[in-house]
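# Secondary and tertiary structure notes
Chain by chain, the residues run as shown.
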Amino acid sequence: MGEKAANLGYDRNQSEQGTLYCGCKWVWTGKSGGKVNLASCGYTPRRNAFRAARIEWEHIVPAWVMGHQRQCWQHGSRKNCTGSDPVFRIMEADLHNLAPAIGEVNGDRSNFLYGMVSKTMPNQYGRCTTRTNFKDKTTEPRDAVKGFVARTTFYMYDRYGLSMSRTQQRILMAWDHQYPVTEWEQERDSRIAKLMGHDNPYVTRERIWTLDQKPSREGLRGVQQSAIKINTGKQIIGNKKSNVYHLPDGCPSYDKISKKNQVPFFSREKAEAAGYRLAGNCR
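My aim in this report is to walk through the structure given alongside it, one point at a time. (Residues numbered from 1 in each chain as written. Predicted model: local features only at pLDDT ≥ 70, side-chain atom pairs only at ≥ 80, totals over all residues. Heavy atoms only, no water.)

### What about helix α9 (residues 183-196)?
Here α9 spans 20 Å end to end across 14 residues, near enough to the 20 Å set by a 1.5 Å rise per residue. By the burial criterion, the buried members of α9 are Trp184, Glu185, Arg188, Asp189, Arg191 and Ile192. Taken down its axis, α9 places every buried residue within 165° of arc, on the same side. Opposite the buried face of α9, by more than 90 degrees, sit the exposed residues Glu183 and Lys194. One or two positions beyond α9, positive phi appears at glycine 197, with a value near 90°. (Helix = DSSP H or I, 4+ residues; strand = E, 2+ residues; numbered from the N terminus. Expected span 1.5 Å × (residues − 1). Buried < 20%, exposed > 50% of the residue type's maximum accessible area, 1.4 Å probe, protein only. Arc of directions from axis to C-beta.)

And the structure:
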């Protein structure tokens, strides 16, 4: 995963974009990492100088956020999800969601959501303007990447059917509008599309996020059935009385359907082709 991500940005380490949160330049070391030139962006380590000196691959939408919306996380956290859930593995490795970041800032951001941090809070990393409010568990990235992280977040939540609060949606919608797609963002998207076979429609502007929109779940097609087979060995069950179907993973009413009303399906596509829709209480 790291090597592929590095290959996408092979020529960006000395560019004006620099690292995600601070815009620092770096020197590649090995196949997927790098040594940060802290002076190039006026970076001052907050606490961890060792981690501040290295490149790490940041998940714009954290693995914690993705995993907590999957049943696998409840039975062993990230390690269990990586080992047992094909859908999680695809989300975790999605190149659209990865960007090079200074290790210390990546660690400080942790699994916090993006949001606004009080302007009275001083910079935490020298001239780098990304700041984290540890009490509120919120990270506000520098202005230059606010649009980028918003469009990446929209893509992940839309493609994989994740749930986002209205507050988070409104903040990111404002950033998407205020900070338009950049030339590098378009080039990056094009490079990723050549590897993954699809682009980020929020970068190409084929889509614009709207409040409370229904996710497309495009990333689940073709892998949902394999995920069900590995996790449970069970089929999808339709309820012929209500014309809704339930997945064995993430649908609390799966075991509550009367046997006389059960209709088994081998895939979501077959259930929907038969006129069934996903139960509204499925996660």
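### Describing the packing of helix α4 (residues 77-84) against helix α5 (residues 86-93)
Here α4 crosses α5 at 105°, and the two axes come no closer than 6 Å. By the angle class used here, α4 and α5 are roughly perpendicular. Facing α4, whose interface residues are Arg78, Cys81, Thr82, Gly83 and Ser84, α5 presents Pro86, Phe88, Arg89 and Glu92. Partitioning the contact of α4 with α5 into residue classes produces 3 nonpolar, 3 polar and 3 charged. (Axes fitted to C-alpha atoms, helices over the stretch in contact; angles between N-to-C directions. Parallel < 35°, antiparallel > 145°, perpendicular 65-115°, else oblique. Contact = heavy atoms within 4.5 Å. Nonpolar A, V, L, I, M, F, W, Y, C, P; charged D, E, K, R; others polar.)

### Considering the state of the cysteines
Put plainly, two cysteines are in a disulfide when a covalent bond ties their sulfur atoms together. Taken as a whole, this structure holds 4 disulfides when the rule is applied. The disulfide that involves cysteine 72 links it to cysteine 81, with 2.0 Å between the sulfurs. Measuring handedness by torsion sign, the sulfur bridge of cysteine 72 and cysteine 81 sits at about 100° and is right-handed. Each disulfide of the protein chain joins two cysteines, and with those cysteines numbered along the sequence the arrangement is 1-6, 2-3, 4-5, 7-8. (Disulfide = S-S within 2.5 Å.)

### What about the packing of helix α7 (residues 146-160) against α9?
Between α7 and α9, whose axes approach to 12 Å, the crossing angle comes to 30°. Judged on the interaxial angle alone, α9 and α7 are roughly parallel. For the crossing formed where α7 meets α9, the hand is right-handed. Residue-level inspection shows Gly147, Phe148, Arg151 and Tyr155 of α7 in contact with α9, the latter providing Glu185, Arg188 and Met196. Of the residues assigned to the contact of α7 with α9, the class counts are 3 nonpolar, 1 polar and 3 charged. (Left-handed = near helix turned anticlockwise from the far one by under 90°.)

### Describing the sheet that holds strand β5 (residues 113-114)
Read from one edge of the open sheet, 3 strands run β5-β7-β6, paired in mixed fashion. Bordering the open sheet on either side are β5 and β6 (131-133), each of which pairs with just one other strand. Relative to strand β7 (residues 138-140), β5 runs parallel, the two sharing 2 bridges. Bridging across to β7, tyrosine 114 finds its partner in threonine 139. (Pairing = 2+ DSSP bridges.)

### Re the nonpolar core
With 52 residues, the main nonpolar core has Leu20, Cys22, Tyr43, Met66, Met91 and Ile102 as its most contacted residues. Those elements that provide at least two residues to this core are α1 (2-8), β3 (55-59), α3 (63-67), α5, β4 (98-102), α7 and α8 (166-178). Non-local contacts of methionine 91, meaning those with residues more than four positions away in its chain, are made with Met66, Arg70, Met156, Tyr160 and Leu162. Among the nonpolar cores identified, the runner-up in size contains 11 residues, and Tyr245, Ala271, Leu278 and Cys282 belong to it. (Core = buried A, V, L, I, M, F, W, Y, C linked by side-chain atoms within 4.5 Å.)

On their own, these measurements won't tell you what the molecule is for.
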